[in-house]
Amino acid sequence: MSDSSIQIEPSSADSTYNDLIAQFPGLIEMETRPGFTGVVVSTVAIRKVMLYLKEQCGFDYLTSLTAVDDFPEDKIELIYHLYKTTGSPIIELKLFTTRESPVVPSVMPVYPGADFQEREVWDLFGVHFEGHPDLRRLLLWEGFAGHPLRKDWKEPLFEEDVKPFKSRWPEGKGIHRESLNPFNDNVQYPKEFDPNGFTPDNDESVYKILQSKIPAGSDDLKVEHMIVNLGPQHPSTHGVFRMAALLEGEKVLALKPVIGYMHRNHEKIGERNTWLQNMPYTDRLDYLSSMSNNFGYALAVEKLLGIQPPERAEFLRVMMAELTRIASHAMAIGFLLNDLGAFFTPSLYALEERELILDIFESVAGSRMMCNYFRFGGVVRDITEADFKQVKKLVEDRLPRKIDDIDLYLTENEIVQARCEGVGVLTAEEAIAFSESGPMLRASGVPYDIRKADPYSIYDQLEFDVCYRQHGDVYDRYLVRLDEIRQSIRILQQVIKYMPQGPIQTGKVQYAVRVPAGEAYGRVEGPRGELGFYVVSDGKANPKRYHVRAPSLMNCTGLEKMCVGGKIADAVTILGAVDVVLGEVDR
């Protein structure tokens, strides 16, 4: 199902801010710092304000929640971004707490999609959220010393606060930092640490939560309950991802995702990097969609710089983003069939088409997966005439035929239908509440696509439909991705037809960018949903704050709801249809 007539009539964010100030006198004030937007909310009022925005103003979607450490001041900022799924500008709320005793109310009772985001802020900043039902660390292990995104936290092999490090540039005198560590390894212990008195958590906190879900009275029925771990070393979890499930026979009673096995503190490194150094670093998030990752980060920084890429660069950006969407969705469909048991035949057919797209990326960007193609104000190099002809051949001939073949062989396959229809259902209301995005949201009947709702680049000049379905199950998620491949082909055909001549970069290429002080939130409709970058500049060569709103992580918020009541075998199918990439989940 698709609908090209969905038109968003955005209301002014300022009118919403003025309404809030009027409704909550003395508890809300406008943000006054130059380059910053939104309103500042009193800690005691945050939950009431959120409830008012949701129930009275229609802001039903919490998309991003993060924090900024204002060290050396005794202050931590909480930043919330919200919008309406019926269409509106993003509004931004801020809340200030102290570094010494950072306690704020949880907004999970209003927006369940805050679950993982609040746990991440607790994990990395040490902000305690009162009322959160399961406030455990998200990415690090229980017992980890400190909160790494605080500005005064130093890692074991700490060298300098920002790059380029003096040991690397300009002379490049390398040194093994491990040799300077007393433990001769990448490890350090807090001063008060006593190994004799240390008792590791050993995941007891996870199992305790699961055991609390055992139904009352089940002991009288002599029903055996079992906790089973799926992963992290398991092919069906698509990487080092773990699902701890409470089972009654084969029925799932409760399920908790356990993540962080690939966590490398992407955001801390991003705040050490220069602004431009982060561009290739975004490639390593969703490593199947590096062009889309570049796109989102470039948009955020370009907002701060106040620059617009040339028209040809915009066309090239959209070309690469839509080729990325096709490659990603094809891979998602192929490996979903792997999860159903059709080992490798469908996935190899899908991978063949992806390889042809990666050939284009390799020729244009110099790399198949880690493309590093976008630059602030444009792209790094133009497409050659030969590559342009190859893209045209793909989108006008081969890809439409091959997608029709996948549709023919899979869509009405009785095994695919039996295993996917009615499995892992999320209603539209649940998908919105859990902050699902992309195909996960649209398969539940919510026709929200950033390319239409909040157009960026040249998407407002292109004709395409928003693809959505109504049942919110695994089968509809498959269909939405199939539909979106066809719409991406349609977009690419227009890009090829109307591609202008001209420059591909605004101004002179810069290798050391000075970004004006301020904040920006840039977002794109990536293959997995809303990929957002919240960046803060203090006018220096490195970001003060660099945060990634990762759709692969956010789409796991509703994983337990989708799995509970189903069979354990269906949990594998459900996770496959969520289509996570662990580089983006763990960061």
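This report concerns the structure included in the present document.

Cut-offs applied
- Residues numbered from 1 in each chain as written.
- Predicted model: local features only at pLDDT ≥ 70, side-chain atom pairs only at ≥ 80, totals over all residues.
- Heavy atoms only, no water.
- Helix = DSSP H or I, 4+ residues; strand = E, 2+ residues; numbered from the N terminus.
- Expected span 1.5 Å × (residues − 1).
- Buried < 20%, exposed > 50% of the residue type's maximum accessible area, 1.4 Å probe, protein only.
- Contact = heavy atoms within 4.5 Å.
- Core = buried A, V, L, I, M, F, W, Y, C linked by side-chain atoms within 4.5 Å.
- Pairing = 2+ DSSP bridges.
- Axes fitted to C-alpha atoms, helices over the stretch in contact; angles between N-to-C directions.
- Arc of directions from axis to C-beta.
- Polar contact = N/O pair within 3.5 Å; in protein donor to acceptor, adjacent residues only side chain to side chain.
- Parallel < 35°, antiparallel > 145°, perpendicular 65-115°, else oblique.
- Left-handed = near helix turned anticlockwise from the far one by under 90°.

## Quick notes on helix α9 (residues 345-365)
Item 1. Here α9 spans 30 Å end to end across 21 residues, near enough to the 30 Å set by a 1.5 Å rise per residue.
Item 2. All of the buried residues in α9 are Pro346, Ser347, Ala350, Glu353, Arg354, Ile357, Leu358, Ile360, Phe361, Val364 and Ala365.
Item 3. Check the buried side of α9 and you find it contacts α7 (290-305), α8 (311-340) and α10 (385-410).
Item 4. Count one or two residues on from α9 and you reach Gly366, which has phi positive near 95 degrees.

## Here we look at the nonpolar core
In summary, soluble globular proteins display a tendency toward joint burial of nonpolar side chains.
Item 1. Counting 154 residues, the largest nonpolar core has Leu78, Tyr80, Leu93, Met319, Tyr373 and Leu559 as the members making the most contacts within it.
Item 2. A per-element tally of this core places α8 first, with 13 residues.
Item 3. Val206, Leu210, Ala244 and Leu246 belong to the second-largest nonpolar core, a separate cluster that totals eight residues.

## Quick notes on the pairing of strand β11 (residues 251-258)
Item 1. Where burial is concerned, most of β11 is hidden: seven out of the eight residues are buried.
Item 2. What sits between the antiparallel neighbours strand β10 (residues 242-248) and β11 is a turn of two residues, in which Gly249 has the positive phi angle 70 degrees.

## Side note on the sheet that holds strand β15 (residues 518-526)
Item 1. Taken in spatial order, the three strands of this open sheet run β15-β16-β17, and their pairing is antiparallel. Two strands close off the open sheet at either side, each with one partner strand: β15 and β17 (545-549). Sheet twist, expressed as the mean angle between neighbouring strand axes with direction ignored, is 10 degrees.
Item 2. Across nine bridges, β15 lies against strand β16 (residues 529-537) in antiparallel orientation. Of the residues in β16, the one forming a bridge with Gly518 is Ser537.
Item 3. Sitting on the sheet, α7 is in contact with β15, β16 and β17, with an inclination near 150 degrees to β15.

## Digging into helix α1 (residues 13-23)
Item 1. Every buried residue of α1 is listed here: Ala13, Thr16, Tyr17 and Leu20. Taken down its axis, α1 places every buried residue within 100 degrees of arc, on the same side.
Item 2. For α1, the capping residue at the N-terminal end is Ser12, with a side-chain oxygen 3.1 Å from the backbone nitrogen of Asp14.

## Comments concerning the pairing of strand β5 (residues 76-83)
Item 1. Most of β5 sits inside the fold, with eight of its eight residues counted as buried.
Item 2. By the alternation rule, side chains of β5 split into Ile76, Leu78, Tyr80 and Leu82 and Glu77, Ile79, His81 and Tyr83, which are all buried.
Item 3. Bridge analysis of strand β4 (residues 61-69) against β5 gives eight bridges, and the strand direction is antiparallel. In the strand pairing of β5, Leu62 is matched with Leu82.
Item 4. Count of turn residues in the β4/β5 antiparallel hairpin: six residues.
Item 5. The pairing of β5 with strand β6 (residues 91-97) spans seven bridges and is classified as antiparallel. By the bridge assignment, Glu77 is partnered in β6 with Phe96.

## As for the sheet that holds β5
Item 1. Spatially, five strands are ordered β2-β3-β6-β5-β4 in an open sheet, and the strand pairing comes out mixed. Since the sheet does not close on itself, it has two edges, and those belong to β2 (28-30) and β4, each with one partner. Direction aside, neighbouring strands of the sheet carry axes that sit 25 degrees apart on average.
Item 2. Its contacts with the sheet place α1 against β2, β3 (39-41) and β6, and it is angled at close to 145 degrees to β2.
Item 3. Packed on one face of the sheet, helix α3 (residues 115-125) meets β4 and β5 and runs near 5 degrees to β4.

## Details of the packing of α1 against helix α2 (residues 46-55)
Between two packed helices, both the angle of their axes relative to each other and the distance between the axes serve to describe the pair.
Item 1. Relative to each other, α1 and α2 sit at 130 degrees, their axes nearing to 12 Å. For the element pair α1 / α2, the angle class is oblique. The two elements α1 and α2 cross, and the hand of that crossing is right-handed. On α2, the residues touching Thr16, Asp19, Leu20 and Gln23 of α1 are Val49, Tyr52 and Leu53.

## A closer look at the side chain of Asn294
Item 1. Considering the arrangement of structural elements, one finds Asn294 in helix α7.
Item 2. Leave out the neighbours within four places in its chain, and Asn294 touches Met279, Thr282, Asp283, Asn372, Tyr373 and Phe374.

## Describing unusual backbone geometry
Item 1. Looking along the chain, the bond that leaves Phe71 and enters Pro72 is cis, with omega of 15 degrees.
Item 2. In this chain, Lys163 is followed by Pro164 through a cis amide linkage whose omega measures 0 degrees.
Item 3. Mapped onto the elements of the fold, Pro164 is located in the loop between β8 (128-130) and α4 (204-211).
Item 4. Although it is not a glycine, Ser457 sits at a positive phi angle of roughly 55 degrees.

Read these as layout, nothing more, since geometry by itself doesn't imply function.
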